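# A structural walkthrough
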Amino acid sequence: MTSPADSPSPVPPRGTEPEESPLAEGMAALANMGWQILLTMGLATIALGVVALVWPGATLRVVGILFGVYLLATGVFQLAAAFGTHVPRHLRVLHFITGAASILLGLICFRGTLESILLLALWIGFSWLLRGTTETAAAASAPAMPGRGWHVAFGIIGALAGIVMIVMPFASIATLTLVAGVMAIILGLTEVVRAIRTRVEIGQLASGTTTQQRPRFHVRPHPQH
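Read on for a plain summary of the structure.

### What to know about the pattern of salt bridges
As enumerated under the stated definition, the model contains one salt bridge in all. Two residues, Arg194 and Glu191, come together in a salt bridge whose shortest N-O distance is 3.7 Å. Taken together, the residues span about one helical turn, with Arg194 and Glu191 both in helix H6 (residues 169-210) at a distance of three residues. Given the relative accessible area of 46%, Arg194 is considered partly exposed.

Below, the structure written as C-alpha cells:
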C-alpha cells in the first residue's frame, strides 16, 4: 500500500505558466512609464534648446511675457498677504509696497519686448550681485568653512556677472539665452540616453524572467509495494 505522504502530487497541465503577481505587474508598468516620461522630457528639452538657438528673439519675447506674468502673480499674492489677519501690522506695509511694485513692473513688461527684457536682465543682475556679495562675505567671515576658497571665488564671479548684467543688460541677456539653449540641448541629450538605457535594462530583465524554463520531467515517487 502507499501512504498518503508518498502519493504523487498533482501536476499542473502542460502549457500553463505561473501568473505574475499584481505587484510585479505594477512595478513593470511603472518602470515602462518612467522611461517614456524621461524620453519625452528629454526630447522637449532638446526642442526648447533648439528654439532658443534658432529664434533667440522670439525666445526672449516669450520669456519676457512669462516674467511679466510672474511679477503680476507675485504682486497679487503680496497684496493678499498684506490684508491677511495672520500678518503682523508692521509687515503689512512692506507686503503692500512690494506687491504694488511687482504689479507695476509686471504691467511694464507687457508694454513691449525691450521693457520686459530690460527688467528681466536687471532682476537677474541684482540677484546675482546680491548672492555673490553675500556668499563672499559669509566665506570671508568664517575661517573654518569647508571649501572657503571655492566659496569666495564663486561669490566674486557671481558678483562680477551680476555687475556685467546690470551694465550691459541686452547683450548679457542675449548671451545668457544662447548659453541656456546649449545647456538645454546637452541636458536633453543626457535625458534621452538615460531613457534608452533604462528601456534596454527593462528589456533585459523581462527577457531574463521569461527565459526561465520549468523542468520538463516531474519526478514521481514509486509506490511502495
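### Examining the packing of helix H4 (residues 113-140) against helix H5 (residues 148-167)
Two elements in contact, H4 and H5, have axes separated by 7 Å at closest approach and are oriented at 155 degrees. Here H4 is positioned roughly antiparallel relative to H5, judged by the angle of their axes. Like other packed secondary-structure pairs, H4 and H5 cross with a definite hand, here left-handed. Tallied by class, residues from the contact of H4 with H5 come to 16 nonpolar, eight polar and two charged.

### Considering H5
End to end, H5 covers 29 Å across 20 residues, agreeing with the expected 28 Å (1.5 Å per residue, within 8%). Every buried residue of H5 is listed here: Gly155, Gly158, Ala159, Gly162 and Met165. Looking straight down H5, one finds that the buried residues subtend no more than 125 degrees of arc, so they occupy a single side. When the buried face of H5 is taken as reference, the exposed residues oriented beyond 90 degrees from it are Gly149, Trp150, Ile157 and Val167.

### Points about the nonpolar core
Formed by Leu60, Phe67, Leu71, Cys109, Ile117, Leu119, Leu120, Ala121, Ile124, Met165 and Ile173, the largest nonpolar core amounts to eleven residues. Mapped by element, the contributors of at least two residues to this core are helix H2 (56-82) and H4. When residues of this core are assigned to their parent elements, the largest contribution, five residues, is made by H4.

### A short note on the environment of Ala44
The residue Ala44 is located in helix H1 (residues 22-54) in this model. With 144 residues separating them in the primary sequence, Ala44 and Gly188 have C-alpha atoms 7.4 Å apart.

### Overview of H2
Counted at 1.5 Å a residue, the expected span for H2 with its 27 residues is 39 Å, and the 38 Å between its end C-alpha atoms agrees. Along H2, the residues classified as buried are Thr59, Leu60, Gly64, Phe67, Gly68, Leu71, Gly75, Ala81 and Ala82.

### A word on the packing of helix H3 (residues 89-109) against H4
How two helices sit against one another is set out by the angle between their axes and by the gap between those axes. Direction vectors running N to C along H3 and H4 enclose 135 degrees, while the axes themselves pass 7 Å from each other. Classified by the angle between their axes, H3 and H4 sit oblique to one another. Contact with H3, carried on its side by Leu105, Ile108 and Cys109, involves Glu115, Ser116 and Leu119 of H4 and no other residues of that element. Of the residues contributing to the contact of H3 with H4, the split by class is four nonpolar, one polar and one charged.

The rules behind these values
- Residues numbered from 1 in each chain as written.
- Predicted model: local features only at pLDDT ≥ 70, side-chain atom pairs only at ≥ 80, totals over all residues.
- Heavy atoms only, no water.
- Salt bridge = Lys/Arg side-chain N within 4 Å of Asp/Glu carboxyl O.
- Helix = DSSP H or I, 4+ residues; strand = E, 2+ residues; numbered from the N terminus.
- Buried < 20%, exposed > 50% of the residue type's maximum accessible area, 1.4 Å probe, protein only.
- Axes fitted to C-alpha atoms, helices over the stretch in contact; angles between N-to-C directions.
- Parallel < 35°, antiparallel > 145°, perpendicular 65-115°, else oblique.
- Left-handed = near helix turned anticlockwise from the far one by under 90°.
- Nonpolar A, V, L, I, M, F, W, Y, C, P; charged D, E, K, R; others polar.
- Expected span 1.5 Å × (residues − 1).
- Arc of directions from axis to C-beta.
- Core = buried A, V, L, I, M, F, W, Y, C linked by side-chain atoms within 4.5 Å.
- Contact = heavy atoms within 4.5 Å.

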